[in-house]
Number of protein chains: 2
Amino acid sequence: MKGGHHVKGIEAPTVIEIENGSIVTPRGFQATGLHSGVKRKRLDLGAIYCEVPASVAAVYTCNRIQAAPLKVTKESIEKEGKIQALVVNSGNANACTGKRGIEDAYEMRKQSANHFALPEHYVAITSTGVIGEYMNMEKIVTGIKQLKPQSSLESAEAFNQAILTTDTINKKICYETFVDGKKVYIGGVAKGSGMINPNMATMLSFVTTDANVDSNVLQQALSDITNQTFNRITVDGDTSTNDMVVVMASGLADNESLTPAHPDWDGFYLALKETCESLAKQIARDGEGATKLIEVQVNGALNDEEAGKIAKKIVGSDLVKSAVFGTDANWGRIICAIGYSGCEINPDTIDIAIGPVQTLIQSQPTTFSEEEAKSYMENNDTVVIEVDLHLANGSGKAWGCDLSYDYVRINAGYRT
Amino acid sequence: MKGGHHVKGIEAPTVIEIENGSIVTPRGFQATGLHSGVKRKRLDLGAIYCEVPASVAAVYTCNRIQAAPLKVTKESIEKEGKIQALVVNSGNANACTGKRGIEDAYEMRKQSANHFALPEHYVAITSTGVIGEYMNMEKIVTGIKQLKPQSSLESAEAFNQAILTTDTINKKICYETFVDGKKVYIGGVAKGSGMINPNMATMLSFVTTDANVDSNVLQQALSDITNQTFNRITVDGDTSTNDMVVVMASGLADNESLTPAHPDWDGFYLALKETCESLAKQIARDGEGATKLIEVQVNGALNDEEAGKIAKKIVGSDLVKSAVFGTDANWGRIICAIGYSGCEINPDTIDIAIGPVQTLIQSQPTTFSEEEAKSYMENNDTVVIEVDLHLANGSGKAWGCDLSYDYVRINAGYRT
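The following paragraphs examine the structure supplied in this document. (Residues numbered from 1 in each chain as written. Chains lettered and ligands numbered in written order. Predicted model: local features only at pLDDT ≥ 70, side-chain atom pairs only at ≥ 80, totals over all residues. Heavy atoms only, no water.)

**A short note on helix α11 (residues 405-412) of chain B**
Threshold: Here's how the labels work: a residue is buried when its accessible area is under 20% of the maximum for its type, exposed when over 50%, partly exposed in between, all with a 1.4 Å probe on protein chains only. Segments assigned H or I by DSSP are reported as helices when at least four residues long, segments assigned E as strands when at least two residues long, and all are numbered from the N terminus. What the arc describes is the spread of directions from the helix axis to the C-beta atoms. In what follows, a contact means two residues having at least one pair of non-hydrogen atoms within 4.5 Å.
Along α11 of chain B, the positions that sit buried rather than exposed are Tyr407, Val408, Asn411 and Ala412 of chain B. Taken around the axis of α11 of chain B, the buried residues stretch over an arc of 115 degrees, which confines them to a single face. Contacts made by the buried residues of α11 of chain B are with α8 (318-325), α9 (331-339) and α11 (405-412) of chain A.

Structural data, given as structure tokens:
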């Protein structure tokens, strides 16, 4: 166990990170991953299975071009607010594949339902990978029939591997908290490294919990939290056609059903938020070609929404990203991004700090040590940029990564 | 002379490119450029001078953080709608320099007015370069006193050189057209290669003409044209604090004052538009690290505005830009950008062509030759992407450049 997070309140809820936790730590969940042949060598097909029908919530890409599996999964989830299995393939996104793509997605769901002996609407499916190529259904169907979810850490790891594309590392986290005096676990996994931008885009994330919580309540919490976490990261400003976050709650912790009125709601909400924030940051840190995580904190904005928007603009600026890659304390590019954010600002009252180095006070350059700033950026894996607009009380964060030669290398040749 | 452009109409107006034309080709204009010492070696101070007070129109960056010289120049232009001299320095942007920056900008205008024996409001000034450092006014003032504008092509070239920063080439163009049977010239010059984004940002452009046209009429034309040209280019999505387009009209062609009611208005408007479009494309082509110009044409959109917006999204996508650098016909990234443009589309009716190669018809991949597409991209300096949304009749263009290793190299170390 490490870390401990608290929110304001009379009794601060306890949220504890579980070091060897995974998506199968919450009671009732199993997972698996295998090689179906869609990719040449690596694992490319995975499943999460729940012993009981789990309450489910999901958020989807805001791209108007949505891949076929999203339509099918929405249909499943909307039917009853419960699913019991989630099947994912990587290597082919089944996007821009027209009528045949939709048929393939239905077939993928149907085969999965047969294999797990579930009604079709208890199955969610999703895909990630190349756009515009038809699925190799023979390989996918053969693969589905071999899925054998288990509750071991190794099975969870195999699932994690099976959902990756250009990712260089696994993204995962597990927390515990207490509801009605009972331990509740939340485990999460994510993929995504390019095409990462706000507005619920460009990544997959799957979260499991054994909390007893209704799907409507869960949906509300997930939507709120997504706006503060997954929608606050950007790698390249692109928003993919495929991505989604799915939370499944088995209820096997056997607590009183959670609602915002429950005395332990804050702890559950915080644990879910910490899970999503951790995964979001892991995605940003693993942005294609990234060498550093950039965290931008904006204070003093008109409101929290505008603070988040400004933070996103800064962390999304190619010029800021390039400067961080070059460990250059180029606050001029930061203030420039603030200026074109479209948000309310006072041009004369802006403070900017890069790590411990205050570079701008009241919109005027200070005589800071370039050496100290450079050394801070060179020696820290996370570069923190703090902005105070001194306008009002809005605050917000966003995360991204630097722009390196490797981003270009990876994206100049991904398909070929 | 080469080229000839026509617009629809009973009698198509004639607009002819003048091969050795420049900003001093229009009657009444002189220019100069010199080394003042703000930059280490290259020319860094220039001026355009007009023998008579010239009607003036200008558009400015939409960044809320605006550099000091913009405020001073706006003041000059708003006073009477006429200026007679424009003084530019490169190497220091005089942006984010607070009260002292404003004082320096006023001093720069005052010294220029003294030197040219003009009222202060007949002088516009502008700066480009590093943000957040105070101007070296001793060098600037000494330089201003040495400015000797002339009407030779060499003087115009010296001005062009003096306004460059990370640009690798001069951007210039000159057209002639006929008004009242008289020759009218329009000459233009521009700088800008990074921080280039729409909404009148991130570049300087100066256009001279000897047409007789009132400043209000000129302003309306410039604002319209900017939306279709300078605001349709992007290099990295960033919008600078300093940039502006200024058009000066000496009136020495001695035509009847131009208004939209004048029979030759269309020719003049077209010549001004061609000038701005040519400069905009030259800027995009010279984007930092660019190896190619990308031109995106969108047809079949809800309206022209949305077509332009979609075209901008496509040409601004780092993933599309990287794919063009890698000569990869990755239409998936193009349709993805269309999807997140925020514009009205029908996801099932989209056609995409890359040069002569139709890659997507009615949102479904065709079996096109990857080789042919690759060869087209390898062998053309301009890569044309054509999109038809088949929704309505809106059409629009945008221009940008590919994203290369050199973009990262240039921007990881620009300041240092």
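There's plenty left to go through after this.
**Examining the side chain of Ser363 of chain A**
As a reminder, the rule being used: N or O atoms within 3.5 Å of each other form a polar contact, as long as, within protein, one can give a hydrogen and the other can take it, and as long as residues adjacent in sequence are counted only when both atoms are side-chain atoms.
Structurally, Ser363 of chain A is set in the loop between β13 (357-361) and β14 (364-365). At 2.5 Å, the side chain of Ser363 of chain A and the backbone oxygen of Pro347 of chain A are in polar contact. Apart from residues no more than four positions distant in its own chain, Ser363 of chain A is found in contact with Pro347, Asp348, Thr349 and Ile350 of chain A together with Cys96 of chain B.

**Structural notes on the side chain of Ser404 of chain A**
Among the secondary structure elements, Ser404 of chain A is positioned in the loop between β16 (394-401) and α11. Residue classification places Ser404 of chain A among the buried positions, given a relative accessible area of 2%. Within the local environment of Ser404 of chain A, its side chain forms a polar contact with the backbone oxygen of Gly289 of chain A, the two atoms lying 2.5 Å apart. Excluding residues that lie within four positions of it along the chain, Ser404 of chain A makes contacts with Gly289, Ala290, Thr291 and Phe325 of chain A together with Val408 of chain B.

**What about a positive patch on the surface?**
Selection criterion: Excluding any residue in a salt bridge, patches collect residues exceeding 30% relative accessible area, merging like charges within 9 Å and nonpolar Val, Leu, Ile, Met, Phe, Trp and Tyr side chains within 5 Å. Only the protein chains shown count as cover for residues, and the accessible areas themselves come from Shrake-Rupley with a 1.4 Å probe. The rule for a salt bridge is simple: a side-chain nitrogen of Lys or Arg has to be within 4 Å of a carboxyl oxygen of Asp or Glu. Under this rule, positive means Lys or Arg and negative means Asp or Glu; His and the chain ends count for nothing. By convention, the charge on Lys lies at NZ, on Arg at CZ, on Asp at CG and on Glu at CD.
A surface patch of positive charge is lined by Lys309 and Lys313 of chain A together with Lys309 and Lys313 of chain B. Those elements that provide at least two residues to the positive patch are α7 (304-316) of chain A together with α7 (304-316) of chain B. Along the chain, Lys313 of chain B turns up in helix α7. Under the relative-accessibility criterion, Lys313 of chain B is labelled partly exposed at 34%.

**Details of the pairing of strand β3 (residues 29-34) of chain B**
Residues and elements named next belong to chain B. As a reminder of what qualifies: Pairing between two strands requires that DSSP report at least two bridges joining them.
Most of β3 sits inside the fold, with 6 of its 6 residues counted as buried. Burial of β3 is two-sided: the residues Phe29, Ala31 and Gly33 facing one way and the residues Gln30, Thr32 and Leu34 facing the other way are all buried. Two elements, β3 and strand β4 (residues 45-60), share 6 bridges in a ladder whose sense is antiparallel. Directly across from Thr32, in β4, lies its bridge partner Ala47.

Interpretation note: all reported values are geometric properties and have no functional meaning in isolation.
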